[in-house]
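Single-letter residue listing:
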Amino acid sequence: MMEHKVALLRTREYWQAIEQCKMDFVYNNIDPLSNVAIRREVAESWMRSKQNGVKLDTDHLKYKMTYRQITDIKEKNKLLIEFAEPIIQKFIESDAASPNRSLELYDIHGIFISGTHVKLTDDKIESLIWNEKTTGTTAHDLAILHKKPYQLIGPENYLMIIKNTVCTSAPIINEEGVVLGTLDYVQILGENPWDEYAFEKYSQSMAWVCSMVMAIEEQIKIHKRNVSLREINEKLRKTSEALRITLDFFDEGVITTDAEGIISRVNKEGCKMLKAERSFLEGRNIAEFLQRGSVIPDCLAEKRSVDYIEENIHVNDEVQPYLLSIRPVLKPETTELDFAILRLDYADKINALVAARSGAVAKFRFEDIIGHSESVVRAKKMAQRFAESQENILLLGESGTDKEIFAQAIHNQLYPNRPFITLNCAAMPRNLIESELFGYESGVLTGAEKNGRPGKIELANGGTLFLDEIGEMPYEIQAAIMRVLNDKMVMRLGGKQYRHVQFRLITATSHDLTELAKKKAFREDFYFLLSVLYIEIPPLRERMDDIPLLADYFIEQYTTRMGFKVPRMTQAARMKLLEYDWPGNVRQLENAMIYAVNLAEDQVIDIHHLPKEVLQMKDNEGYWPKSTQSKENTQAAHFSIKDSEKDVILHALDSAGNNIAAAAKLLGVNKTTLYRKLKKHAIQYQQK
């Protein structure tokens, strides 16, 4: 294909075809883009040239600069001219120079700023303006526009005066990608530019011009770096001074050491933490302030970064706990340690690191608690009132009733930006609960972290500690927690000093703590301490009105997370959900919806998509009480399930004085189920 095009270039017909295409466009408005012989960029430039009012016979000499104008232009392009002129001079002195060939330098506006013009006329030319607005399509205009080299042959140029001229232009681009100008090699080929001899004269010029431009660009880069070296050094000096002053504003200690641990710089806060002057600290080894067994020397030797390790540091005659972070900086040419930066934090600032170290995040608020049933609304109102108090709060409720969501909402109302630390007492082995709660010093526990670890109580300082399933807390540890709550002090296992702590305790249980206390499985005084304020979280069977709302919420949440479409649930499936007593409460309902979504067909959830435990429920289970003969339900004792369903409902209504809520309670069902049964049997009643 390329050989074919080269052959075309050597034919008179090809050159004449280009010229004819331009004539047809200029005088007959024939779209040049429809001609496959014309490059698209050239055709588009012709169109812009014509739109700008440029004619084929436009006098290019009328677009000249005044002496003052060209002086200003050259001053602005002083650097470009400085590095292009040696190359232009070599061209002038070479055999390549002739009246019909020239090397020219143009600025970004197409203004001639250096070089030698070819002899287009006998007039002396000071400086001309060649661009699409003045003289139409030119190679350097295209090179500037598209940021790449161009070569225009004969009639591709817009003006008739240069129809037998070949111009090769390459853009000069700086390191920021900005075009500074172009270098152009212009050749007048005579009356037969298509013959083989003429073609050979310009066929290699593209590579030649590009190589000269590369040389100019490199010289500009070197010059710019050399000229700016003093500026860079001055900037480094100012930056160093600004950094020193900036570090002094930090409320954290920042220490710089060399590879051996010798301190080279300490900011003002670092001096304050170590209680020493900068002149005393700089030049000393950091190891002098560390206890035996510190990991800092190993980190420096191993060029290892660490974050927030706790170190005991000698400050005068005392030992103070600090959090240290280390960042080694390597020499760029090797892997050797150049220097290291140590950051010191006071231990009581650990709260800011709680989320990263414990993974506990309180994300739920009261508006996230779904439900409008009376029991849920009552529990939310109590929780909102208690949230403003500093007292301990006990959450009572069956497993799966979202007690932790209530705990998070309580925390976020008062302490939204403080730590929220959780511990599930039932999920933690008994022999580990103590170390999890109180933490431990280094060397105390076999196989534990080498440098010790803060406990949940310590991490909760300033925020909330949530102990779930508190009924599973080992009896012997309960007294230790009571002591912490009373004294506001905690000591790590193996430690020798107490640490002050201030936090709010929220506990939760699915057990009857009073019964556990009677069996000596739970301390009675601990129960009284925990239950200063308590909230009962209702089970799902007592808030059946919320089931459709919760089901839709769980479906939408799961499908959004998985990228599924939200399926529709049939009315039959919804009724099945209402008939089930949900022993696993909200958590079980959520799992059931996930199961149903994954089985749904044609974007519909029907009865057979529900879990088997919901489907296998007996027809009378869920709305006939199992405890109709209990002491709590003596009024309904005579309502035997052997009686007809309608009679049982009528007796219940009569006993409850036609009060739907009371009748539903007697029958052990929710109001929604009772309303459905009333409609089924066409029972008329007057609500009281």
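Reading the values: the criteria
- Residues numbered from 1 in each chain as written.
- Predicted model: local features only at pLDDT ≥ 70, side-chain atom pairs only at ≥ 80, totals over all residues.
- Heavy atoms only, no water.
- Axes fitted to C-alpha atoms, helices over the stretch in contact; angles between N-to-C directions.
- Helix = DSSP H or I, 4+ residues; strand = E, 2+ residues; numbered from the N terminus.
- Parallel < 35°, antiparallel > 145°, perpendicular 65-115°, else oblique.
- Left-handed = near helix turned anticlockwise from the far one by under 90°.
- Contact = heavy atoms within 4.5 Å.
- Nonpolar A, V, L, I, M, F, W, Y, C, P; charged D, E, K, R; others polar.
- Expected span 1.5 Å × (residues − 1).
- Buried < 20%, exposed > 50% of the residue type's maximum accessible area, 1.4 Å probe, protein only.
- Arc of directions from axis to C-beta.
- Pairing = 2+ DSSP bridges.
- Phe/Tyr/Trp six-rings, centres within 6.5 Å; stacked < 30°, edge-to-face > 60°.
- Core = buried A, V, L, I, M, F, W, Y, C linked by side-chain atoms within 4.5 Å.
- Salt bridge = Lys/Arg side-chain N within 4 Å of Asp/Glu carboxyl O.
- pLDDT = per-residue confidence, 0-100.

A. How the structure looks around the packing of helix α20 (residues 547-562) against helix α21 (residues 571-579). Where α20 meets α21, the closest approach of the two axes is 10 Å, and the angle between their N-to-C directions is 120°. Classed by the angle they form, the pair α20 and α21 counts as oblique. The element α20 and its partner α21 pack so that their crossing is right-handed. For the pair α20 and α21, contact is made by Ile547, Pro548, Ala551 and Asp552 and by Arg574, Leu577 and Leu578, respectively. Broken down by class, the residue content of the contact of α20 with α21 amounts to 5 nonpolar, no polar and 2 charged.

B. Structural detail: helix α3 (residues 40-51). For α3, with 12 residues, the first-to-last C-alpha span of 17 Å sits near the 16 Å given by 1.5 Å per residue. For α3, every residue scored as buried is listed here: Val42, Ala43, Ser45, Trp46 and Ser49. Here the buried residues of α3 occupy an arc of 160° about the axis, which is enough to place them on one side. Residues of α3 that are exposed and point over 90 degrees away from its buried face: Arg40 and Gln51. Along its buried surface, α3 packs onto α2 (12-28), α6 (139-146) and β3 (150-153). Directly beyond the C-terminal end of α3, a positive phi value near 85° is found at Gly53.

C. Structural context of the pairing of strand β18 (residues 504-509). Most of β18 is tucked away: 6 of the 6 residues are buried. With burial as the criterion, each face of β18 is covered, one bearing Arg504, Ile506 and Ala508 and the other bearing Leu505, Thr507 and Thr509. The pairing of strand β15 (residues 464-468) with β18 spans 4 bridges and is parallel. What sits directly across from Thr464, in β18, is Arg504.

D. Representation of the sheet that holds strand β4 (residues 165-173). A sheet is described by the order of its strands in space; here 5 strands give the open sequence β2-β1-β5-β4-β3, paired in antiparallel fashion. The sheet is open, and its two edges are formed by β2 (112-115) and β3, each paired on a single side. Shown here is a sheet whose adjacent strand axes are inclined to one another by a mean of 25°, direction ignored. Relative to strand β5 (residues 179-188), β4 is paired through 9 bridges, and the arrangement is antiparallel. Within the sheet, the bridge partner assigned to Pro171 lies in β5 and is Thr182.

E. Region of the structure containing the packing of aromatic side chains. With the rule as written, the count across this model stands at 10 aromatic pairs. Here Tyr185 and Trp208 contribute two aromatic rings whose centre-to-centre distance is 4.8 Å and whose plane-to-plane angle is 80°, an arrangement assigned as edge-to-face. Note that Tyr185 is positioned in strand β5 and Trp208 in helix α8 (residues 205-249), a separation of 23 residues in sequence. Exposure remark for Tyr185: the relative accessible area of 5% places this residue in the buried category. Judged by its relative accessible area of 33%, Trp208 is partly exposed. An angle of 85° between the planes, with centres 4.8 Å apart, marks the rings of Tyr580 and Trp582 as edge-to-face. The rings of Phe91, Tyr185 and Trp208 are connected pair by pair, giving a single aromatic cluster.

F. Representation of the packing of helix α15 (residues 430-438) against helix α17 (residues 475-487) within the structure. Relative to each other, α15 and α17 sit at 10°, their axes nearing to 10 Å. With respect to their mutual orientation, α15 and α17 come out roughly parallel. Each of Arg430, Ile433, Glu434, Leu437 and Phe438 in α15 lies in contact with α17, whose residues at this interface are Tyr475, Glu476, Ile477, Ala480, Ile481 and Val484. Residue composition of the contact of α15 with α17, grouped by class: 8 nonpolar, no polar and 3 charged.

G. Spotlight on the nonpolar core. Within the largest apolar cluster, 30 residues are counted, with the highest numbers of intra-cluster contacts made by Leu437, Leu467 and Ile470. Residue assignment for this core shows that the elements contributing at least two residues are β12 (420-424), α15, α16 (456-459), β15, α17, α18 (513-518) and α19 (524-530). Leaving out residues up to four positions away in the same chain, Leu437 has contacts with Leu423, Gly455, Lys456, Ile457, Leu467, Met473, Ile477 and Ile481. Grouped together as the second largest cluster of nonpolar side chains are 29 residues, Phe25, Trp46, Tyr158 and Leu189 included.

H. Representation of the side chain of Thr256. Relative to the helices and strands, Thr256 is located in strand β6 (residues 253-258). When sequence neighbours within four positions are dropped, the list of residues in contact with Thr256 reads Ile262, Ile263, Ser264, Arg265, Phe339, Ala340 and Ile341.

I. Up close: the sheet that holds strand β7 (residues 263-266). Spatially, the 5 strands line up as an open sheet ordered β7-β6-β10-β9-β8, and their pairing is antiparallel. For this open sheet the edge positions go to β7 and β8 (306-315), each flanked by a neighbour on one side alone. Averaged over all neighbouring strand pairs, the angle between strand axes comes to 30°, with direction disregarded. Sheet topology places β6 next to β7; 3 bridges connect them, and they run antiparallel. Each bridged residue has a counterpart across the sheet, and for Thr257 the counterpart in β7 is Ile263.

J. Here's a closer look at the pattern of salt bridges. One pass over the full model with this rule turns up 24 salt bridges. The shortest N-O distance in the salt bridge between Glu19 and Lys163 comes to 3.9 Å. A residue pair is termed long-range when its members are at least 10 positions apart, and Glu19 in helix α2 and Lys163 in the loop between β3 and β4 qualify at 144 residues. With a relative accessible area of 30%, Lys163 lands in the partly exposed category. Salt-bridge contacts for Glu458 lead to Arg492; the nearest nitrogen and oxygen are separated by 2.8 Å. Of this pair, Glu458 sits in helix α16 while Arg492 sits in the loop between β16 (489-490) and β17 (499-500), placing them 34 residues apart in sequence. Look at the salt bridges and you will find they share partners, linking Glu441, Glu458, Arg492 and Arg499 into a network.

K. Region of interest: the pairing of β5. Among the 10 residues of β5, 8 are classified as buried, and the element is accordingly described as predominantly covered. In this structure, strand β1 (residues 101-107) lies alongside β5, joined through 7 bridges in antiparallel fashion. By the bridge assignment, Arg101 is partnered in β5 with Gln187. Linking β4 to β5, which pair antiparallel, is a turn of 5 residues; within it Gly177 sits at a positive phi near 85°.

L. Structural context of the confidence of the model for the protein. Per-residue pLDDT for the protein has a mean of 83; in total, 87% of the residues score no lower than 70. Between the elements of the protein, mean pLDDT differs from a low of 45, seen in helix α1 (residues 2-9), to a high of 96, seen in strand β11 (residues 393-396). Throughout residues 1-8 the model reports pLDDT below 50, and contacts reaching past four residues in sequence, or to other chains, amount to 3 contacts.

M. Geometry of unusual backbone geometry. One non-glycine residue with positive phi stands out, namely Lys275, at about 50°. Here Lys275 lies in the loop between α9 (268-274) and α10 (278-281). The residue Lys488 is not glycine, and still its phi comes out positive at about 60°. Within the secondary structure, Lys488 is located in the loop between α17 and β16.

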